[in-house]
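# Architecture at a glance
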Amino acid sequence: MTYFRLKTSQSFYMVAVFGALIALTASGCGKRGGGGGSGSSGSSGSSGSSGSGGSGSVTGSGYSAVLTGAIFDSTNNIYRLGSSNGCDGSSVDCTATAVSLAELAIGWTPQYSNIVGYWKLNGSGSIANGATISATIGPDGTASNSNGTGMAYTTGKLTDSIVFDGTDDRITIPKQAGNSFGTTSAFSMQAWIYPTSTQKGTILADGQNGGSWTGHWINWGTSWSPNSVIAVSITDNGGNTFMVHSSDTLALNQWHHIIVSYSGSNSPSGVAIYLNGKRSGVTLATGTSSSLPGSTVNALDWAIGGESNGAASQLFLGRIDDVALWNVALTSTEVASFYMGQFQKRVGTIVSEPSDSSNTGTIWDSLSWVSRLPFGKELPDYNGSIQNETSTNYSSLSTNTLMTGIIGLWHFDETSSGTAPGSKDFRDHSGQDIHGSAGCYCCYLRSDRSVCFCGHAS
Ligand SMILES: [Ca+2]
Ligand SMILES: [Ca+2]
């Protein structure tokens, strides 16, 4: 049911032009344009592909585009533009395969030279008490697994990760000059976490010692309201603490990208928590300070998965991967780069571009859906008078002038030639009776009620 429409309005004329572009570009055959008839701004030629998920416009600073057929793929947790398999239903190869995620590397990683610790946590097999956990940057860690069970390398977000049993597993990392921070020291950390329990547990810390506050502590927290948040605390050498936790929560049993950035402002406002590329709101924990009198902290060794010294507590239950520590505060733009560099990608011949639904970071925040007309249906035929669309058909339509000035409307619904009035090939439904004849060398009508052009002149 391809339609081409001519109106005296320049904007609607563009609809017909884009429909023709898509027809000729795709395969020479005019695919159904009902899914993409919108586009009065003429901003995107891709809107001509059909889709079953509706249509809309993406607008933002300096760009706009018309989307059609946006469908949520719950299996892969992505949005697709097009039909359910990510394509427009034409004969192209729609296969898309996952590609490896990117570990941090100098070629693409912002602030790579300011990384003071990077632990990829790659390996295989169980991890014995006292085993070395190799660092790519900074000091190696040492595994603590006194009961000899649980701690092991396993499937990761980036290659392998380490599973922590939440009982006694942690990795301790020596404190050095390069990774020692005071209350006014900027720093940032990254980790992918896969919590399997709401049990409160440390992601990375050089603080907390058997319950006594000290140093820096980044935690998978379930003791606040709401639960299942990321909590960050800094405690000075006088025992004064401020703690913030994210307003956004994280689900169990899936990977989450965490970046915590601290500006060194000696205040909770200097802490930024980014969850899956997006900065979360933060809440100052009840009973903690708004600033710290002391500039130094009684910092302990760093640790992943639990408090760093003393009796093992605040132990993480689940998997942790790709932990990095910077001596600078990462910006939101840099955080977006990390997330975009590491989130799942797919490659292949696809019409639509998949995007990770978890990517709700800054660069996607301006996405919005705007109802445009018409979509998903043929324009109404002349029936003794012009049959305008109304708000019954489209809620955003404020006037009934959609068809005003129409001088031609061809649906190309014919299934054989010579069936239009006057033994013509293509019926004009506008009421103007401008019925058309095939004038090309080999154009023909397809079984899906579209017309195929082979590109030869008649
Ligand atoms: Ca253990
Ligand atoms: Ca890894």
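Check the entry above for the structure.
In what follows, the accompanying structure is described. (Residues numbered from 1 in each chain as written. Chains lettered and ligands numbered in written order. Predicted model: local features only at pLDDT ≥ 70, side-chain atom pairs only at ≥ 80, totals over all residues. Heavy atoms only, no water.)

Of the protein atoms, only Asn 145 (OD1), Asn 147 (OD1), Thr 149 (O), Asp 165 (OD), Asp 168 (OD) and Asp 169 (OD) coordinate the calcium ion (ligand 1), at distances of 2.2 to 2.4 Å. One can describe the site at the calcium ion (ligand 1) as irregular: its 6 donor atoms subtend angles covering 76 to 173° at the metal. Within one chain, the residues serving as donors to the calcium ion (ligand 1) are arranged as N-x1-N-x1-T-x15-D-x2-D-D. In this pair, Asn 147 sits in the loop between strand S9 (141-144) and strand S10 (152-155) while Asp 169 sits in the loop between strand S11 (160-165) and strand S12 (170-173), placing the two residues 22 residues apart along the sequence. With a relative accessible area of 37%, Asn 147 lands in the partly exposed category. (Donors = N, O, S within 2.8 Å, 3.2 Å for Na, K, Ca; no water. Tetrahedral: all angles 85-135°; square planar, octahedral: opposite > 155°, others 65-115°. Helix = DSSP H or I, 4+ residues; strand = E, 2+ residues; numbered from the N terminus. Buried < 20%, exposed > 50% of the residue type's maximum accessible area, 1.4 Å probe, protein only.)

Within strand S19 (residues 271-275), 5 of the 5 residues are buried, which leaves the element mostly enclosed by the surrounding structure. Covered by surrounding structure in S19 are Val 271, Ile 273 and Leu 275 together with Ala 272 and Tyr 274, the residues of both alternating faces. By the bridge criterion, 5 bridges tie strand S18 (residues 256-262) to S19 in an arrangement that is antiparallel. Considered in S19, the bridge of Ser 261 is made with Ala 272. Judged from the 3 bridges that link them, S19 and strand S20 (residues 278-280) form a sheet pairing that is antiparallel. Bridge assignment links Ile 273 to a residue of S20, and that residue is Ser 280. (Pairing = 2+ DSSP bridges.)

This model, assessed by the stated rule, comprises 2 salt bridges. The partner of Asp 206 in a salt bridge is Lys 175, with the nearest N and O atoms 2.9 Å apart. Separated by 31 residues along the polypeptide, Asp 206 in the loop between strand S14 (201-205) and strand S15 (215-221) and Lys 175 in the loop between S12 and strand S13 (187-195) bring together distant segments of the chain. Of the residues examined, Asp 206 reaches a relative accessible area of 0% and is grouped as buried. (Salt bridge = Lys/Arg side-chain N within 4 Å of Asp/Glu carboxyl O.)

With that settled, the discussion passes to the nonpolar core. Burial of nonpolar side chains together is a common tendency in soluble globular proteins. Within the largest apolar cluster, 41 residues are counted, with the highest numbers of intra-cluster contacts made by Ile 162, Ile 171, Ile 193, Ile 230, Val 260, Ile 304 and Leu 325. Looking at which element gives the most residues to this core, the answer is S13, with 4 residues. If we skip the residues at most four places from it in the chain, Ile 171 touches Leu 121, Ile 133, Gly 141, Thr 142, Met 151, Ile 162, Phe 164, Trp 302, Ala 303 and Ile 304. Counting residues in each nonpolar core, the second largest holds 13 residues, with Ile 259, Ala 324, Val 335 and Phe 338 among its members. (Core = buried A, V, L, I, M, F, W, Y, C linked by side-chain atoms within 4.5 Å. Contact = heavy atoms within 4.5 Å.)

Here the focus is the packing of aromatic side chains. For the coordinates displayed, the defined rule picks out 9 aromatic pairs. Ring centres 6.2 Å apart and planes at 50° place the aromatic pair Phe 242 and Tyr 262 in the tilted group. A residue pair is termed long-range when its members are at least 10 positions apart, and Phe 242 in strand S17 (residues 241-246) and Tyr 262 in strand S18 qualify at 20 residues. Classification of Phe 242 by relative accessible area gives buried; the value is 0%. (Phe/Tyr/Trp six-rings, centres within 6.5 Å; stacked < 30°, edge-to-face > 60°.)

The subject of this paragraph is the coordination of the calcium ion (ligand 2). Working reference: metal with six octahedral donors, ideal angles 90 or 180 degrees; metal with four tetrahedral donors, ideal angle 109.5 degrees. The coordination sphere of the calcium ion (ligand 2) contains the protein donors Lys 120 (O), Asn 122 (OD1), Leu 158 (O), Asp 160 (O), Asp 321 (OD) and Asp 321 (OD), at a distance range of 2.2 to 3.2 Å. Classification of the site at the calcium ion (ligand 2) rests on its 6 donor atoms, whose angles at the metal span 44 to 162°, yielding the label irregular. Counting residues between consecutive donors of the calcium ion (ligand 2) along the chain gives the motif K-x1-N-x35-L-x1-D-x160-D. On the criterion of sequence distance, the pair formed by Lys 120 in the loop between strand S7 (115-119) and strand S8 (132-133) and Asp 160 in strand S11 is long-range, its members being 40 residues apart. You can call Asp 160 partly exposed: its relative accessible area is 22%.

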